[in-house]
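Observations on chain architecture
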Amino acid sequence: FSLRHFVIPSHYKDDVERVLIPHGMIMDRVEKLAHEIAADTEGPLTVCCILKGGHAFFADLVNRLKKCTNAAGQNLPMQLDFIKVKSYEGDKSSGNVTISYTEQELHDLKGKHLLLVEDIIDTGATMTALLAKLAEYQPASVRVVSLFLKRTPKSVGYIPDYVGVEIPDQFIVGYCLDYNEIFRDLDHVCVISETGKQKYA
Ligand code: 5GP
Ligand code: MG
Ligand code: MG
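Every value quoted in this text rests on a predicted model; they were computed, and no experiment measured them. (Residues numbered from 1 in each chain as written. Chains lettered and ligands numbered in written order. Predicted model: local features only at pLDDT ≥ 70, side-chain atom pairs only at ≥ 80, totals over all residues. Heavy atoms only, no water.)

**Concerning the coordination of the magnesium ion (ligand 2)**
Those protein atoms acting as donors to the magnesium ion (ligand 2) are Glu118 (OE) and Asp119 (OD), and they sit at 2.2 to 2.3 Å. Looking at aspartate 119, the relative accessible area reads 13%, which means it is buried. (Donors = N, O, S within 2.8 Å, 3.2 Å for Na, K, Ca; no water. Buried < 20%, exposed > 50% of the residue type's maximum accessible area, 1.4 Å probe, protein only.)

Take a look at the structure:
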């Protein structure tokens, strides 16, 4: 989509190439995902936000989930949890994953039905490592919802349980997705421009 159709903060006007997914379209996908997830869920759910990139998606998804009912017509009791996972430097995967949970927080996962809320799956390496780590602490079940799934030849083959939108192999920013911590305050999901890359490198 051409940039002139959208409200872009003035400080980012030269830093994005184009809008890939408008904010309104994201909101529609979030609502649909909430209905699908609720329909598949029997009882209490621990919804776990993967920070920082998953924050906007998590907030909007939880708000929708509150209004949804499952197959039995019941609303879902939810506990909300937050985990900081870091794997990227700039637009390259650093290859190693760090997880912020303490041992106590990991042990508290035992027996819980988890829904991990992630912004984007690129190679899938981060999620594969995270799932392996969490499995050691015996949650009752783990499902993953990712707003974006990148089509990339570098994929390790991991596919999340729920996907918002499949995107081409490009580096995207906005709706909490960052480039060196910049662009999280942009509502639309955009492709970064060369100017933007250089400015915030
Ligand atoms: P993976 O391990 O799947 O290759 O990468 C997962 C993480 O890398 C994501 O959770 C996200 O933080 C970051 N990432 C991957 N692709 C992109 C992208 O296009 N834009 C942004 N901002 N982050 C990305
Ligand atoms: Mg992420
Ligand atoms: Mg990031």
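**Description of unusual backbone geometry**
At the junction of leucine 51 and lysine 52, the peptide bond is cis and its omega measures out at -5° in the coordinates. With respect to the element layout, lysine 52 can be found in the loop between strand E2 (45-51) and helix H2 (55-67). Its identity as a non-glycine residue notwithstanding, glutamine 138 has a phi of 50°, on the positive side. For glutamate 181, which is not a glycine, the phi torsion comes out positive at approximately 75°. By the element assignment, glutamate 181 lies in the loop between strand E8 (172-173) and strand E9 (189-192). (Helix = DSSP H or I, 4+ residues; strand = E, 2+ residues; numbered from the N terminus.)

**A few points about the packing of helix H1 (residues 23-39) against H2**
At their nearest, the axes of H1 and H2 sit 9 Å apart, and the two run at 55° to each other. When the axes of H1 and H2 are compared, the pair comes out oblique. Classified by chirality, the crossing of H2 by H1 is right-handed. On H2, the residues that touch Met27, Val30, Glu31, Leu33, Ala34, Ile37 and Ala38 of H1 are Phe57, Asp60, Leu61, Arg64 and Leu65. (Axes fitted to C-alpha atoms, helices over the stretch in contact; angles between N-to-C directions. Parallel < 35°, antiparallel > 145°, perpendicular 65-115°, else oblique. Left-handed = near helix turned anticlockwise from the far one by under 90°. Contact = heavy atoms within 4.5 Å.)

**A word on the side chain of arginine 143**
Considering the arrangement of structural elements, one finds arginine 143 in strand E6 (residues 141-150). Although arginine 143 is buried, it makes no salt bridge; aspartate 40 carries the closest opposite charge, 4.7 Å away. Other than its neighbours up to four places away in sequence, arginine 143 contacts Ile37, Asp40, Thr41, Leu45, Leu114, Leu115, Leu116, Asp161 and Tyr162. (Lys, Arg positive; Asp, Glu negative; His and termini not counted. Salt bridge = Lys/Arg side-chain N within 4 Å of Asp/Glu carboxyl O.)

**Considering the site of ligand 1**
Ligand 1 sits among 17 residues. The nearest are Thr123, Gly124, Thr126, Ile172 and Asp178. Separating an oxygen atom of ligand 1 from a side-chain N or O atom of glutamate 118 is a distance of 3.1 Å. Isoleucine 120 places a polar main-chain atom, nitrogen or oxygen, 3.3 Å from an oxygen atom of ligand 1. Its free accessible area being 500 Å², ligand 1 has 93% of it covered by the protein chains. Mapped by element, the contributors of at least two residues to the shell around ligand 1 are strand E3 (78-89), strand E5 (113-121) and helix H4 (125-135). The element contributing the most residues to the shell around ligand 1 is E5, with four residues. Here the shell around ligand 1 is built from residues that sort into seven nonpolar, five polar and five charged. (Near = heavy atom within 4 Å. Polar contact = N/O pair within 3.5 Å; in protein donor to acceptor, adjacent residues only side chain to side chain. Areas by Shrake-Rupley, 256 points an atom, 1.4 Å probe, with all protein chains shown as cover. Nonpolar A, V, L, I, M, F, W, Y, C, P; charged D, E, K, R; others polar.)

**Things to note about the pattern of salt bridges**
Scanning the model with the defined rule gives eight salt bridges in all. Here arginine 64 ties to glutamate 31 by a salt bridge, and the two come within 3.8 Å at their closest N and O atoms. One end of the pair, arginine 64, is in helix H2; the other, glutamate 31, is in helix H1, with 33 residues separating them in the sequence. Among the residues examined, glutamate 31 registers a relative accessible area of 39% and is labelled partly exposed. Linking lysine 150 and aspartate 122 is a salt bridge whose minimum nitrogen-to-oxygen distance equals 3.7 Å. Residue lysine 150 is located in strand E6, and its partner aspartate 122 is located in the loop between E5 and H4; the two are separated by 28 residues in the primary sequence. Through salt bridges with shared partners, a single network forms among Lys52, Asp178, Glu181 and Arg184.

**Let's talk about the packing of aromatic side chains**
One pass over the full model with this rule turns up four aromatic pairs. Centre to centre, the rings of phenylalanine 171 and tyrosine 179 are 5.9 Å apart; their planes meet at 75°, and the pair counts as edge-to-face. One exposure class covers both phenylalanine 171 and tyrosine 179, and it is buried. Three or more aromatic residues joined by ring pairs make a cluster, and in this case those are Tyr12, Phe183 and Tyr200. (Phe/Tyr/Trp six-rings, centres within 6.5 Å; stacked < 30°, edge-to-face > 60°.)

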